[in-house]
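Next come the chains, spelled out residue by residue.
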Amino acid sequence: MKKIEWIILAAVVAVCAGLALFFYWPRSGDTVAVVSVDGTALYRIDLSRTARPYTFRIEEETGRPVSFEVADGRVRFVEVTCPDHICERTGWCGAPGERAVCMPNRTTLVCYERGELPPDDGVRWITESDHP
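Residues numbered from 1 in each chain as written. Predicted model: local features only at pLDDT ≥ 70, side-chain atom pairs only at ≥ 80, totals over all residues. Heavy atoms only, no water.

Within an unreviewed UniProt entry, the label attached to the protein chain reads NusG domain II-containing protein, and the organism entered is Anaerotruncus massiliensis.

Dropping the structure here:
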């Protein structure tokens, strides 16, 4: 390879490495999970303030038989009534940008950095004190 080809290759590798660091470097700040049904945000969970594990269901409010577990600053789908249970196997969400979806129940779980949260619009906050 010629000298100019090595320079171009090095530049491309440097740009790719910089983009990877930008997109995958852990962000600082508090993480908040948002639970939405049919595209409408219903609940927010402050994952930076979870002292002990708890679970909650959204069936009473939405008619969707979906349960979530919150522990160690993370949240996940548990006990979902759907044919394939892919959302349960997705695992924990705890970092901004992580998400899980239960398509049959039209329910999404998305983690945001507190400063990047979408508008509130009266969304209820779920805390461990709500679920003894």
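Re the nonpolar core
One broad rule of soluble globular proteins: the nonpolar side chains tend to lie buried together. Cut-off, in case you're wondering: The set of buried Ala, Val, Leu, Ile, Met, Phe, Trp, Tyr and Cys residues whose side-chain atoms join them within 4.5 Å is what this entry labels a nonpolar core. Summary of the burial criterion: residues with accessible area below 20% of their type's maximum are buried, those above 50% are exposed, and those between are partly exposed, where the area comes from a 1.4 Å probe applied to protein chains only. For helices the rule is a DSSP run of H or I covering at least 4 residues; for strands it is a run of E covering at least 2, with both sets numbered from the N terminus onward. By definition in these notes, contact holds between two residues if any of their heavy atoms fall within 4.5 Å.
Grouped together as the largest cluster of nonpolar side chains are 23 residues, with contacts concentrated most on Ile45, Phe56, Phe68, Val75, Phe77 and Leu109. Elements with a contribution of two residues or more to this core: strand 1 (31–37), strand 2 (40–46), strand 3 (54–57), strand 4 (67–71), strand 5 (74–78), strand 6 (99–102) and strand 7 (107–113). At three residues, strand 1 tops the list of elements feeding residues into this core. In contact with Phe77, other than residues within four places in its own chain, are Val66, Ser67, Phe68, Cys87, Glu88, Ala100, Val101, Cys102, Thr107 and Leu109.

Focus on the pairing of strand 1
Here is the rule: For two strands to be treated as a pair, DSSP must find no fewer than two bridges joining them.
Counting buried positions along strand 1 yields seven of seven residues, so the element is predominantly enclosed. Note that strand 1 and strand 7 share seven bridges and pair antiparallel. Residue pairing for strand 7: Thr31 is matched across the bridge by Glu113. Bridge count between strand 1 and strand 2: six bridges; the pairing is antiparallel. Each bridged residue has a counterpart across the sheet, and for Val37 the counterpart in strand 2 is Thr40. Linking strand 1 back to strand 2 in an antiparallel pair, the connection comprises two residues, with Asp38 at a positive phi of about 55 degrees.

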